Amino acid sequence: MAKQRTLRKTVKLEGVGLHTGRTIRLRLRPARPGTGIRFRRVDLDPVVEIPALSRFVVDTRLATVLGRDGVEISTVEHCLAALAGLGVDNALVDVDGPEAPILDGSARPFAAAIGRAGLAVQAAPRRVLRVRKPIRVRDGDRYVILRPGQGLVLSYSIDFDGRFPGDQHYVLQVTPEAFRRELAPARTFGFLHEVEYLRSVGKARGGSLENAVVLDGDRVLNPEGLRMPDEFVRHKMLDAVGDLLLAGAPIEGHLVVHKGGHALHDTLVKALLSRPDAYEVVEAEPVRPALRPRPRPVAVPLAAHA
Ligand SMILES: [Zn+2]
């Protein structure tokens, strides 16, 4: 059977917080089997520890925010995505402020830090949450469906109703290699008018072209352009990988999302956990890639904007 994994050593990251604009230091640390992922506010005395679990999600409007006893840690999703995508079961994430650093807006710096730490195999068996029955959540024209399937397969589409960046669709079987290559580099994005509004209400103080793709009408304002033509849908998938881990164990199933985001991902995880007949927690089988179906990535180019 597959074993749990943690980091081989502690690694540090430092950068601006998207909403506070403050410099935040983050440390990824090894943890014992069965710990799961736990965020810790180490600037507080006593330290407040918040497990990365759905029941501690307190806000999903601008980022995934964890909270406990009035203490919050915001923007945990890209760090969580890297831990989930690279198969880390147990880790402590120390932060010295109310949010994780945004870094370049993607999960790549977190994935690189995990790569620097290396992974250690632990004695305990790895547990996964295997989907047994479909779960559906709908909000107007947005929906998400989680079906039984081998491994974790994401099929994601976005649609801006004719406005840039238009429709994008991508399918991926999430393995550590696929995550690192296909999803981790995709940056968060926003529209200039949204950024201006957020600034006017005291948010996004740390936001810049260094840590987000910013769109104005049908233009990308970042001088370096996009990292990949379908960076937008890939970033949504990256967010989903992080948000799904809040179920408390890696999910094995096929997730189909249309026009999703943190709120819909969170609603799906809560709907799943409220239906114990729809899943089982089992010891993970070792990965046998040759027996797995390999969905071909489908990228819908950005037409004139590509
Ligand atoms: Zn994101």
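Conventions and cut-offs
Every residue gets a number counted from 1 within its own chain, in the order that chain's sequence is written. With the structure being a predicted model, the display of local features is reserved for residues of pLDDT at least 70 and the display and counting of side-chain atom pairs for 80 or more, all residues being used for whole-chain, interface and lining totals. A strand pair is defined by DSSP finding two or more bridges across the two strands. Every helix listed is a DSSP run of H or I at least four residues long, and every strand listed is a run of E at least two residues long, numbered separately from the N terminus. Axis definition: a line fit to C-alpha positions, over the contact stretch in the case of helices; interaxial angles, taken between N-to-C directions, run 0 to 180 degrees. Crossing handedness: left-handed means the near helix sits turned counterclockwise from the far one by under a right angle, and right-handed means the same turn made clockwise. Contacts here follow a simple rule: the backbone-placed C-beta atoms of the two residues must lie within 7 Å. Note that Gly is not counted as nonpolar here; it falls among the polar residues with everything else outside the nonpolar set of Ala, Val, Leu, Ile, Met, Phe, Trp, Tyr, Cys and Pro and the charged set of Asp, Glu, Lys and Arg.

1. Some thoughts on the pairing of strand S11 (residues 127-131)
Relative to strand S20 (residues 279-283), S11 is paired through five bridges, and the arrangement is antiparallel. Its bridge partner being in S20, leucine 129 is matched across the sheet by valine 281.

2. Topic: the sheet that holds strand S8 (residues 71-73)
What the three strands build is an open sheet, ordered S6-S7-S8; its pairing is antiparallel. Sheet topology places strand S6 (57-59) and S8 at the edges, where each strand pairs with a single neighbour. Between one strand axis and the next, the sheet turns by 45° as a mean value, whatever way the strands run. Sheet analysis places S6 next to strand S7 (residues 65-68), joined by two bridges and oriented antiparallel. Its bridge partner lying in S7, valine 57 is registered against leucine 66.

3. Regarding the sheet that holds strand S2 (residues 11-16)
Overall, mixed pairing links the five strands, which are arranged S2-S3-S9-S4-S5 in an open sheet. Every interior strand has two partners, whereas the edge strands, S2 and strand S5 (48-51), have only one. Each strand axis lies, on average, 20° off the axis of its neighbour in the sheet, ignoring direction. Bridge count between S2 and strand S3 (residues 23-30): six bridges; the pairing is antiparallel. When the bridges of S3 are listed, leucine 13 appears paired with leucine 26.

4. A word on the packing of helix H5 (residues 231-244) against helix H6 (residues 262-273)
Relative orientation of the contacting elements H5 and H6 amounts to 35°, with a least axis distance of 10 Å. The handedness of the crossing between H5 and H6 is right-handed. Residues Asp239, Ala240, Asp243 and Leu244 of H5 pack against His262, His265, Asp266 and Val269 of H6. Among the residues making up the contact of H5 with H6, the classes are represented as three nonpolar, two polar and three charged.

Just geometry here; none of it tells us what the structure is for.
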